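# Remarks on the overall topology
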Amino acid sequence: MCNDTYNLYPPLEPYHSDWLNVGNGHAIYFEQCGNPEGIPVVFLHGGPGSGCNPGQRRFFDPDAYRIILLDQRGCGRSTPQGETQHNSTDELVDDIERLRAHLSIQKWLVFGGSWGSTLALAYAIAHPSKPLGLILRGIFLSRQHEIDWFLGESRQFVPEAWQALLDYLPTPEQSEVLDAYSRRIFSADPAVHFPAARRWNDYEGSIMTLLPAESAGTPASDEVQLARARVQIHYIKQLCFVGHRNLLQEASALTHIPTRIVQGRYDLVCPPLTAWELRQAMPHATLEMIADAGHSAMEHGTRHALIAATEHFKHLLSNA
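Read on for a plain summary of the structure. (Residues numbered from 1 in each chain as written. Predicted model: local features only at pLDDT ≥ 70, side-chain atom pairs only at ≥ 80, totals over all residues. Heavy atoms only, no water.)

### Section: the layout of surface pockets
- Taken as a whole, the second largest pocket encloses approximately 230 Å³ of empty space.
- Taken together, 15 residues form the lining of the second largest pocket, with Phe157, Leu210, Tyr266, Asp267 and Leu268 sitting closest to its centre.
- Residues of the lining of the second largest pocket, tallied by class, amount to eleven nonpolar, two polar and two charged. (1 Å grid on protein atoms, 1.4 Å probe; cavity = no way out; pocket = protein on both sides within 12 Å on 5 of 7 lines; lining within 4 Å. Points joined across faces, edges and corners; volume = space filled by probe spheres on them. Nonpolar A, V, L, I, M, F, W, Y, C, P; charged D, E, K, R; others polar.)

Dropping the structure here:
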């Protein structure tokens, strides 16, 4: 299938979906779309906590790619939904590798955006012989200053969004936003945790795009919103279990893995400095800074660049 204009490919349905038991009571949902004999690619969603969605299948030529999406522990259709016990970055990396072996895939292309870019790098560092290439978007390395930006400093550009997050809390708790929301979201009382989870998720949703986004359709259920918020807060409070590491230094060893980085110039969730620093650490990588985009993968320029990247790897890996 040809995609000279780099539009999203048409909607498609999985030819296979299942759950993989990964231990400690967790089962991760995964699905396969496209060509069963095609180039294997694994899509790593963001969040942490978001889960995968049908639109993410459409970045890849279904005639050329064997497209594999998974919901990380506690996310989406994985079970138990919202579970944070035995849920860490190292365990997610192990899950990805376990899924690769389960599907009898020798090597695969790894595509990750936002938190998924962190996870893609952590996976490549742990298993450097397995990625055929890396496509990374909206780079996030979970360093303390990146968390501080997301939970406070971003108010310099979006004061109204930040104030809406604060307004949900009593004034004495507004100086401890993360802990205050954590107490509510992990409360056993649905009257407390459901509305708090929605307000928490609304904050990030309101700063995803450079220009106001069209409605995403029917809002997610209370249960999905709660699971997403619980997993995200669990990870943020631990600097996503990688904040103690120098991922830039570790990534500098990945010179054998072809890498393309796509970053929105006006990304208010994951500011572009991190993408620029990653490019300095990985000089063999290409960095495309999208002049008219924020954080979302679905903004026009970012979407165009991501599909161009999958087309690039389609030809590179087919020829190889």
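### Quick look at the packing of helix α5 (residues 177-185) against helix α6 (residues 190-206)
- Two elements in contact, α5 and α6, have axes separated by 7 Å at closest approach and are oriented at 140 degrees. What the angle tells us is that α5 and α6 run oblique. On α6, the residues touching Val177, Leu178, Tyr181, Arg184 and Ile185 of α5 are Val192, His193, Ala196, Ala197, Arg199 and Trp200.
- Partitioned by chemical class, the residues of the contact of α5 with α6 number eight nonpolar, one polar and two charged. (Axes fitted to C-alpha atoms, helices over the stretch in contact; angles between N-to-C directions. Helix = DSSP H or I, 4+ residues; strand = E, 2+ residues; numbered from the N terminus. Parallel < 35°, antiparallel > 145°, perpendicular 65-115°, else oblique. Contact = heavy atoms within 4.5 Å.)

### Side note on the packing of α5 against helix α7 (residues 222-236)
- For the pair α5 and α7, interaxial distance at closest approach is 10 Å and the crossing angle is 135 degrees. In terms of orientation, α5 lies oblique with respect to α7. Seen from above, α5 lies across α7 with left-handed handedness. Between α5 and α7, the residues in contact are Leu178, Tyr181, Ser182 and Ile185 and Leu226, Ala229, Arg230, Ile233 and Ile236, respectively.
- In terms of residue class, the contact of α5 with α7 is built from seven nonpolar, one polar and one charged. (Left-handed = near helix turned anticlockwise from the far one by under 90°.)

### Comments concerning the pattern of salt bridges
- Under the criterion given, the structure shown has 19 salt bridges.
- As a salt-bridge pair, Arg100 and Glu97 come within 2.6 Å of each other at their nearest N and O atoms. With Arg100 and Glu97 both in helix α1 (residues 89-102), this residue pair falls three residues apart, about one helical turn.
- When its relative accessible area of 10% is taken as the criterion, Arg100 is described as buried.
- Put simply, Arg184 and Glu173 hold a salt bridge, and the shortest N to O gap is 2.8 Å. Taken as a pair, Arg184 in helix α5 and Glu173 in the loop between α4 (159-167) and α5 lie far apart in primary sequence, eleven residues in all. Like Arg184, the residue Glu173 is buried in the burial classification.
- Connected through salt bridges with shared partners, the residues Glu13, Glu31, Arg57, Asp71 and Arg77 form a single ionic network. (Salt bridge = Lys/Arg side-chain N within 4 Å of Asp/Glu carboxyl O. Buried < 20%, exposed > 50% of the residue type's maximum accessible area, 1.4 Å probe, protein only.)

### Remarks on the environment of Met298
- For Met298, the position within the fold is in the loop between β8 (286-290) and α10 (300-319).
- Between the C-alpha atom of Met298 and that of Gly74, which follows or precedes it by 224 residues, the distance is 24 Å.
- Beyond its immediate sequence surroundings of up to four residues, Met298 is in contact with Leu8, Gly55, Phe59 and Arg303.

### What to know about the sheet that holds strand β2 (residues 26-34)
- The strand order β1-β2-β4-β3-β5-β6-β7-β8 describes an open sheet built from eight strands, whose pairing is mixed. In the strand order of this sheet, the two ends are held by β1 (16-23) and β8, each with one partner. On average, each strand axis in the sheet is tilted by 20 degrees relative to the strand beside it, whichever way the strands run.
- Note that strand β3 (residues 39-44) and strand β5 (residues 108-113) share four bridges and pair parallel. (Pairing = 2+ DSSP bridges.)

### Points about helix α9 (residues 273-281)
- Thr274, Ala275, Leu278 and Ala281 are the residues of α9 that are buried. Buried residues along α9 cover an arc of 120 degrees about the axis, so they all sit on one side.
- Looking at the buried positions of α9, the neighbouring elements they touch are α2 (115-126), β6 (131-137), α3 (144-150), α8 (247-251), β7 (259-264) and β8. (Arc of directions from axis to C-beta.)

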